[in-house]
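Observations on the three-dimensional arrangement
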Amino acid sequence: MIFNVVIFGAPGSGKGTQSAFIANKYGLKHLSTGELLRSEVENKSEIGKKIESYICQGNLVPDELITDMLANVLDKKQNEKGYIFDGYPRTTEQAKALKSILKERGMKVSIVLDLDVDEEELIKRLLYRGQTSGRSDDNYDTIKHRIQVYNSKTAPVKEFYKQEGLAVEIHGTGEVNEIFSRISNSIDSL
Ligand code: AP5
Ligand code: MG
């Protein structure tokens, strides 16, 4: 059976960090829309040129663009065990789109892990990461803006997944390993 995880949470909540552990333990393919978009920007592709300013300002890239990109990647990088969707969906529109993209391919979302971390800790982590990440959005003003965008546009996606009965809240502060064992417990209990 294919197992698909959505990892959900504010900027800096640890989605990328935990996805690497999950992918490794459960044999899932990690798909980070943020990373896919950054590589388009780096390669100066047509998409890359269109989206650069959204990313460095901390705004969401338009839904249609993301959904097309993701559907393409799913077809190119097939994985028999399943996927981790990291940083996607970020709007209720995207959540509906993911549902139909998966349905068209005979799949569905199995669990949504919602990493809960308070704002002060998010800012601290991202400023620290910004010292070495080279990411155009890891600076104080853009971090604050990303958190606002998360609260207004992305946090409502939780309601969608609560109604679907898929959301599991994970306490996202503490040691990385501790958080991973909370996640593993939730996955294993399915
Ligand atoms: P994206 O790349 O998804 O960035 P983000 O959501 O802002 O999240 P981050 O990658 O900053 O954080 P994370 O949760 O992965 O945490 P991490 O593990 O790195 O998106 C970037 C941009 O792309 C968006 O702003 C938007 O423009 C665009 N975009 C992407 N997807 C889109 C979509 N679907 N629709 C529209 N636009 C989209 O951890 C953070 C730091 O904390 C690291 O340094 C890590 O080492 C550290 N850390 C992790 N865990 C812990 C811990 N337990 N204790 C202490 N430190 C920790
Ligand atoms: Mg990330």
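Attention here is on the structure that accompanies the text. (Residues numbered from 1 in each chain as written. Chains lettered and ligands numbered in written order. Predicted model: local features only at pLDDT ≥ 70, side-chain atom pairs only at ≥ 80, totals over all residues. Heavy atoms only, no water.)

Quick notes on the pattern of salt bridges
Applicable threshold: Here, a salt bridge means any Lys or Arg side-chain nitrogen found within 4 Å of an Asp or Glu carboxyl oxygen. A helix here means a DSSP run of H or I that spans at least four residues, while a strand means a run of E at least two residues long, and both kinds are numbered starting from the N terminus. Categorising residues by exposure relies on relative accessible area from a 1.4 Å probe, with only protein chains included: less than 20% of the type maximum marks a residue as buried, more than 50% marks it as exposed, and the intermediate range marks it as partly exposed.
Within this structure, the stated rule accounts for 15 salt bridges. Where Arg125 meets Glu121, a salt bridge forms, and the shortest distance between an N and an O atom there is 2.8 Å. With Arg125 and Glu121 both in helix α6 (residues 119-133) and 4 residues apart, the pair spans about one turn of that helix. A relative accessible area of 19% places Glu121 in the buried class. Note that Asp137 is salt-bridged to Arg146, the shortest N-O span being 3.6 Å. Residue class for Asp137 comes out buried when judged on its relative accessible area of 6%.

Looking at the nonpolar core
Cut-off, in case you're wondering: The set of buried Ala, Val, Leu, Ile, Met, Phe, Trp, Tyr and Cys residues whose side-chain atoms join them within 4.5 Å is what this entry labels a nonpolar core. Whether two residues are in contact is decided by their heavy atoms: any pair within 4.5 Å suffices.
One finds Phe85, Leu98, Val109 and Tyr161 to be the most contacted residues of the largest nonpolar core, which totals 37 residues. No other element matches helix α4 (residues 63-76), which puts 6 residues into this core. Excluding anything up to four places from it in sequence, Leu98 contacts Val6, Leu70, Phe85, Tyr88, Pro89, Val109 and Tyr161. Of all hydrophobic cores here, the second largest spans 16 residues; its members include Phe3, Tyr26, Leu28 and Ile111.

Some details on the packing of aromatic side chains
Each aromatic ring pair is summarised here by two numbers: the centre-to-centre distance and the angle between the ring planes. Applied cut-off: Planes of paired rings set the category: under 30 degrees apart is stacked, over 60 is edge-to-face and the rest tilted, where pairs are Phe, Tyr or Trp rings (Trp by its six-membered ring) whose centres lie within 6.5 Å.
For the structure on display, the rule yields 4 aromatic pairs. Look at Tyr83 and Phe85: their rings are 6.0 Å apart centre to centre, the planes differ by 35 degrees, and that puts the pair in the tilted class. Tyr83 sits in the buried class, given a relative accessible area of 2%. On the basis of relative accessibility, which here comes to 0%, the residue Phe85 falls in the buried class. Residues Phe160 and Tyr161 carry aromatic rings whose centres are separated by 5.2 Å and whose planes lie at 85 degrees to one another, so their mutual orientation is edge-to-face.

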